[in-house]
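Inside the fold
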Amino acid sequence: MPILFINNDGAGFADRLEIAAGTTVAALFRQQVPGGRPSDYLIRVNRQPAAADQVLVAGDRVSLTPTKIEGA
Amino acid sequence: MNSLRKTRLRAAWDEACQVAERLAARSRPSPPPPLPRAAWDEVDRWGERLQLARRRGWPVAAQHAAARLAAARRTLVDQLAFVSGDELPALQGPPPCEILRDLAALRDDDGEVVLDGDELVVVTPPIELDAFALGPFQIRLDLAAVGPALPLRIVAVDPRPAWSNAGVTHPHVSDEGLCAGAGLVPLQQALAAGRLLDAFTIVARILATYNAGSAYVALDDWEGIRCDDCAALAVPGETTCCEACFADVCDECATSCAPCGDGLCGRCATTCRSCAATFCPACGGACAACAHPCCEACCDDDRRCPTCRAEARASNEERNADPDDGSAESDSVETAHAPPAADPRTTPAGPPVRP
């Protein structure tokens, strides 16, 4: 099922992903940020803070934004 | 739906439509980002200090200058990357419903969101970095601006600027311009796509993160300068820059060269053994005979201090005395019975000369 995934870390791309039905927020995070710690990110689903066990549905908009972004 | 809620929804929809109109009507180019001249000058300054410290053989000053030079270079590279970015893709205008959702989420997060003319303004919560309270900031996005520069202004609501630069209200903000650093590319992408919630969130996270290695002004220097001699925090106007090594020292530790008047730190100030005057490396050195500190005024043409000069004169007189001359003999007898002059090389009376 399709979702919109926005990664505001690094290149900051927004892309449409196909995920399996029943995928949770935590599972998606592990797929997209291998080795990353969820506590280092603001994770939103449809612009709202999301729980790790929230099950994603088709058309969801998921965004990841690092909590620490170093300016220069 | 009650009428109050309807009124609020109508107001929110109207606001979202105004934002969408401004995004769609973008035509005014944003001003080009300023060249990082201050960062360039800083690299220049610390490079000169490092060269000077190495020439004069001052390892501590060289180490300090090298560290500051490395930090200044990092800042310059980051700021050059910011001004040399490629042209942004044409900003797309999201539909009003997406803008409405972004604005509602921003209000849920931060509370204060206002459309002020062509600027969409979000006020952050009070920012605190390393227990340093900087207060809240307005993030002002110019909806009508296009171009490679970020159409953003960061305005301190309750400014607490660095003492050395009134334009630096945050370690990563100078003259209302944000140096986005690691957040630049995702921020540009978010703005290009019209993802206002993401853009403001990225800026807010940059403001909430302190990067000590690449700040316009480090928090350690925010309220004053650390004395390079005693490490105490010196208030503005009560510091001296050592003219010899460019260290910053407090007025308690600062001294000055008696011959030329230059300000000096403790490491560069030397006391003349003969006249007790303080002098800088350019106005004195070491006696060529005894190696003790001696200012230019006390040294003779052979770079000998008065004590060594007097000893040399006495030795010459002894050598010049005619052994066949009776008066010379009586002189030599008197000299022979005179107590030997103290050898300053074995009985130093002052501190050793500093390099």
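These lines cover the structure that appears in this document, whether it is placed above or below. (Residues numbered from 1 in each chain as written. Chains lettered and ligands numbered in written order. Predicted model: local features only at pLDDT ≥ 70, side-chain atom pairs only at ≥ 80, totals over all residues. Heavy atoms only, no water.)

**Focus on the overall build of chain A**
Under the convention used in this document: Numbering goes from the N terminus for both helices and strands, where a helix is a DSSP run of H or I of at least four residues and a strand is a run of E of at least two. Only protein chains enter the accessibility calculation, which uses a 1.4 Å probe; a residue is then buried when its area is under 20% of its type maximum, exposed when over 50%, and partly exposed in between. Contacts: residue pairs with any heavy atoms within 4.5 Å of one another.
For chain A, the count of helices and strands is one helix and five strands. Element order for chain A, N to C, with α for helix and β for strand: β-β-α-β-β-β. By residue count, 43% of the 72 residues in chain A fall in the buried class. Considering only contacts within chain A whose residues lie at least 6 apart along the sequence, 51% involve residues at least 24 apart.

**Observations regarding the interface of chain B and chain A**
What counts is decided by this rule: Accessible area that two parts lose when put together, with a 1.4 Å probe and added across both, is what the buried area reports. Every case where a carboxyl oxygen of Asp or Glu lies within 4 Å of a side-chain nitrogen of Lys or Arg is listed as a salt bridge. In the analysis that follows, any N or O atom pair within 3.5 Å is treated as a polar contact, provided that within protein one partner can donate a hydrogen and the other can accept it, and provided that, for residues neighboring in sequence, both atoms belong to side chains.
The partner chain A presents 20 residues to the 27 residues of chain B that form the contact. Both faces considered, chain B and chain A share a buried interface measuring about 1,900 Å² in area, 50% of it formed by carbon and sulfur atoms. For the chain B face of the interface with chain A, the top three residues by lost area are Arg195, Arg205 and Thr209 of chain B, together amounting to 25%. If you look at where chain B meets chain A, you find four salt bridges. Salt-bridge contacts for arginine 47 of chain A lead to glutamate 98 of chain B; the nearest nitrogen and oxygen are separated by 2.6 Å. Remark: the boundary between chain B and chain A carries nine residue pairs in polar contact (both at pLDDT 80 or more).

**Some details on the pattern of salt bridges**
All names here are of chain B. Throughout the structure, instances matching the rule amount to 19 salt bridges over all chains. A salt bridge links arginine 107 to glutamate 15, with the shortest nitrogen-to-oxygen separation between them at 2.9 Å. Within this pair, whereas arginine 107 is found in helix α4 (residues 96-110), its partner glutamate 15 is found in helix α1 (residues 3-24), the two being separated by 92 residues in sequence. The partly exposed category is assigned to arginine 107, whose relative accessible area is 31%. The exposure class of glutamate 15 is buried, given its relative accessible area of 12%. Across the pair glutamate 119 and arginine 153 runs a salt bridge, and its minimum N-O distance is 3.0 Å. Of the two residues, glutamate 119 sits in strand β3 (residues 119-123) while arginine 153 sits in strand β8 (residues 152-156), which places them 34 residues apart along the sequence. Assessed through its relative accessible area of 32%, arginine 153 is described here as partly exposed. Several salt bridges converge on common partners, so that one network encompasses Asp116, Glu119, Arg140, Arg153 and Glu176.

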